[in-house]
Amino acid sequence: MEAINGEVGLGLEGLDPLGGWRRTHYTSEIKPDMDGEEVTLFGWVHTIRDLGGIKFILLADREGIIQLTIPVKKVDPHLLEKAERLRKQFIIGVKGRVKAFEKAQGGVEIVPSEIRILGRAEHPLDLDPTGKIPAELDVRLNARILDLRRPESLAIFRINHHVLRAIRDFLEGEGYLEVQTPKIIATATEGGAALFPVLYFDREAFLAQSPQLYKEQLTAVFDKVYEIASYFRAEESRTTRHVAEFVSVDIEAAFATIDDVMELLERMIVYVLAYVKAKCERELETLKVELRVPELPFKRYTYDEVLKLLAERGMRIPWGEDIPTPGLRLLGELNPETYYFIVDWPTSSKPFYIKPKDSNPKICEAFDLMYGFIELASGGTRIHDKGLLVERLKGQGLSPEGFQHHLRVFDYGMPPHAGWGLGLSRLLMAITGKENIRECILFPRDRDRLTP
Ligand code: AMO
């Protein structure tokens, strides 16, 4: 038998059953022109305001917040008794009538006829999801689910959802096939230092740092592929933009060069930003972000130009070295909130699979895509000549033996190819203006954090 006002069929914790109740609308779908309509809503109690004669409860769900108004004298005593038992963050179901009311948020409120308490929240709460009591990021991450009920955190991951949709839409339109490659691998692809070893039955294996070699191989069959997946790097340093597990959007295309894939990437960024601007108006407003869709093409600096710019400002970087964080910060100050490329990198600073330029092998066909001081993506033309690849492996102190399966694929006929990898959460940082990547990952993993 179903509970009526919670008086019948209560569980051990005094919870009402869900019974036959099903959601008719999310809060954001309730509009003033629905005045008088009966609706069923579910969510959590955001705030409770008791003015004596009238109670206001803000009910939140993943789409927004709506006001429940309970005029104390006019309502059924059962309903009143239930309303009095509510505390912040309780999970509730509400049946009620929509009432257009200009002064309420969204111009509409709900006058409940029945409330069901479906889940209790233990008080004191680990943090205050209304955001009135600010909390450190670590405290927030420890109580991540509560934190995600903060409208700002919720907005970030709603945008993340739309970013992914836009990326898939775009790449589908460009003729890319979505693939999945192994995450337990036998050899490193992006340098040995940041590898996570795992015990694979009685052998040592590693967690994949990227899909690099597999996506390259797959171009020999599928022409244009993409993968969106998690990768793992045992990053020693504690920075606001590195984590141990991150999602990368990778593409690889046969019969293409660095210029083709850079052009694809900048068009994709513009597509994604325009999509988010159109679909996530509310979320951007919650985050107080005015999203600007940049013009094409993005600015392109050469590595030498960057070194010159930095030297002019008193920072000398020996040619051939990667640009250190202070250099990137300075570059970011010169290009605030701007998407730009750095090209013509020294071959020595890039992985073995990147193709040196035919005209000057000291420089290679690699690029980084930057936003301010943050590297969002890197990629380039790959070596598809087996002999040269073996030479480059040796040059970087790697043993061709360890790459025999990869090298063998080059004996099956390998097309010229190019591609890139884009850090999803870093793109989300750029869109939402968040300064710490951990804000843009549901459950971040780093040196210090393995839980929750
Ligand atoms: P790279 O090592 O530059 O290139 O990685 C590609 C992009 O992935 C993101 N990223 C990270 N994000 C968060 N935490 C980390 N520890 C982290 N490491 C990398 C960055 C970076 O730009 N195989 C090549 C790509 C290619 O050439 O196709 C690669 O992995 O946004």
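Residues numbered from 1 in each chain as written. Predicted model: local features only at pLDDT ≥ 70, side-chain atom pairs only at ≥ 80, totals over all residues. Heavy atoms only, no water.

Where do I start with the overall build of the chain in this structure?
Per the secondary structure count, the chain includes 12 helices and 16 strands. Projected onto its principal axes, the C-alpha coordinates of the chain cover approximately 85 × 55 × 40 Å. For the chain, with 452 residues in total, the buried portion stands at 51%. Taking contacts inside the chain between residues at least 6 apart in sequence as the whole, the part at least 24 apart equals 65%. (Helix = DSSP H or I, 4+ residues; strand = E, 2+ residues; numbered from the N terminus. Buried < 20%, exposed > 50% of the residue type's maximum accessible area, 1.4 Å probe, protein only. Contact = heavy atoms within 4.5 Å.)

Even after reading the chapter, I still don't get the sheet that holds strand β5 (residues 108-119), so can you show me in this structure?
The strands making up a sheet associate through hydrogen bonds between their backbones, and the pairing can be parallel or antiparallel. The five strands lie next to each other as β1-β2-β3-β5-β4, forming a closed barrel whose pairing is mixed. Geometrically, the sheet is characterised by an average inter-axis angle of 55° between neighbouring strands, direction not taken into account. Pairing between strand β4 (residues 91-100) and β5: 10 bridges, direction antiparallel. Along β5, the bridge assignment pairs I92 with I117. (Pairing = 2+ DSSP bridges. Axes fitted to C-alpha atoms, helices over the stretch in contact; angles between N-to-C directions.)

Is there a simple way to think about the site of the ligand in this case?
Close to the ligand lie 23 residues; Q212, K215, R233, E375 and S378 are nearest. The contact in question runs from a nitrogen atom of the ligand to an N or O atom on the side chain of Y353, over 3.2 Å. In this structure, an oxygen atom belonging to the ligand sits 3.4 Å away from a main-chain N or O atom of A377. For the ligand, whose free accessible area comes to 630 Å², the fraction covered by protein is 93%. Mapped onto the shell around the ligand, the elements with two or more residues apiece are α5 (212-222), β11 (245-254), β15 (374-381) and β16 (417-423). Per-element accounting of the shell around the ligand gives the leading share, five residues, to β15. In terms of residue class, the shell around the ligand is made up of seven nonpolar, seven polar and nine charged. (Near = heavy atom within 4 Å. Polar contact = N/O pair within 3.5 Å; in protein donor to acceptor, adjacent residues only side chain to side chain. Areas by Shrake-Rupley, 256 points an atom, 1.4 Å probe, with all protein chains shown as cover. Nonpolar A, V, L, I, M, F, W, Y, C, P; charged D, E, K, R; others polar.)

Honestly, the pattern of salt bridges in this entry has me stumped. Any pointers?
Side chains bearing opposite charge may pair, as long as their charged atoms lie close to each other. For the structure on display, the rule yields 35 salt bridges. By sharing partners, the salt bridges in this structure join R140, R144, D147, R150, E152 and E439 into a single network. (Salt bridge = Lys/Arg side-chain N within 4 Å of Asp/Glu carboxyl O.)

I'm lost on helix α1 (residues 77-85) in this one. Help?
Each full turn of the α-helix corresponds to 3.6 residues, which orients residues three or four apart in the same direction. Of the residues making up α1, those classed as buried are L79, L80, K82 and A83. Projected down its long axis, α1 carries its buried residues within an arc of 160°, all on one side. The exposed residues of α1 that point more than 90 degrees off its buried face are P77 and E84. Its buried side turned inward, α1 meets β2 (54-61), β3 (64-71) and β5. (Arc of directions from axis to C-beta.)

I keep staring at the packing of aromatic side chains and nothing clicks. Help me out?
Both the distance between ring centres and the angle between the ring planes are used here to describe each pair of aromatic rings. Under the counting rule described, the total for this entry stands at 12 aromatic pairs. When the centroid spacing of 4.6 Å and the interplanar angle of 50° are considered together, the rings of Y339 and Y371 count as tilted. With Y339 in strand β13 (residues 339-343) and Y371 in strand β14 (residues 366-371), the pair connects residues that are 32 residues apart, well separated along the chain. Y371 carries the same exposure label as Y339, and that label is buried. Three or more aromatic residues link up through ring pairs in this structure, and these residues are F298, Y339, F341, F367 and Y371. Sitting over the face of the ring of W21, K95 holds its NZ or CZ atom 4.9 Å from the ring centroid. (Phe/Tyr/Trp six-rings, centres within 6.5 Å; stacked < 30°, edge-to-face > 60°. Lys NZ or Arg CZ within 6 Å of the ring centre and 35° of its normal.)

It is not clear to me how the pairing of β4 should be interpreted in this structure. Could you clarify?
Looking down a regular strand, the side chains alternate between one sheet face and the other. Note: strand β1 (residues 38-50) against β4, seven bridges, orientation antiparallel. Looking across to β4, one finds that G43 is bridged to I92.

I'm lost on helix α9 (residues 325-334) in this one. Help?
Every buried residue belonging to α9 is among G327, L328, L330, L331 and G332, and all of these are buried. Close packing links the buried residues of α9 with α8 (303-312), β13 and β14.

Mind showing me how you'd approach a nonpolar patch on the surface here?
Residues I145, L442 and F443 make up a contiguous nonpolar surface patch of roughly 270 Å² in combined accessible area. The topology assignment puts L442 in the segment after α12 (424-432). According to the relative accessible area criterion, L442 is partly exposed, its value standing at 39%. (Patch = residues over 30% accessible without salt bridge, like charges linked within 9 Å, V, L, I, M, F, W, Y side chains within 5 Å.)

How do you make sense of the sheet that holds strand β10 (residues 224-232) when you look at a structure like this?
What the eight strands build is an open sheet, ordered β6-β10-β11-β16-β15-β14-β13-β12; its pairing is mixed. The open sheet has two edge strands with one neighbour each: β6 (177-178) and β12 (299-302). Two strands pair when backbone bridges link them, and β13 and β14 are joined in this way by five bridges, in the antiparallel orientation. Paired with Y339 across the two strands is Y371, which belongs to β14. Relative to β16, helix α6 (residues 258-279) is tilted by about 35°, and along the sheet it contacts β11, β12, β13, β14, β15 and β16.

Can you walk me through the layout of surface pockets in this structure?
If you roll a probe as big as a water molecule over the atoms, it shows you where there is empty space left. Reported here for the second largest pocket is a volume of approximately 790 Å³. Around the second largest pocket, the lining comprises 33 residues; the ones closest to its centre are G64, I65, Q105, R282 and T286. Sorting the residues of the lining of the second largest pocket by element identifies β1, β2, β3, α4 (151-173) and α7 (281-286) as the ones contributing at least two each. Among the elements that take part in the lining of the second largest pocket, α4 stands out by supplying five residues, more than any other. (1 Å grid on protein atoms, 1.4 Å probe; cavity = no way out; pocket = protein on both sides within 12 Å on 5 of 7 lines; lining within 4 Å. Points joined across faces, edges and corners; volume = space filled by probe spheres on them.)

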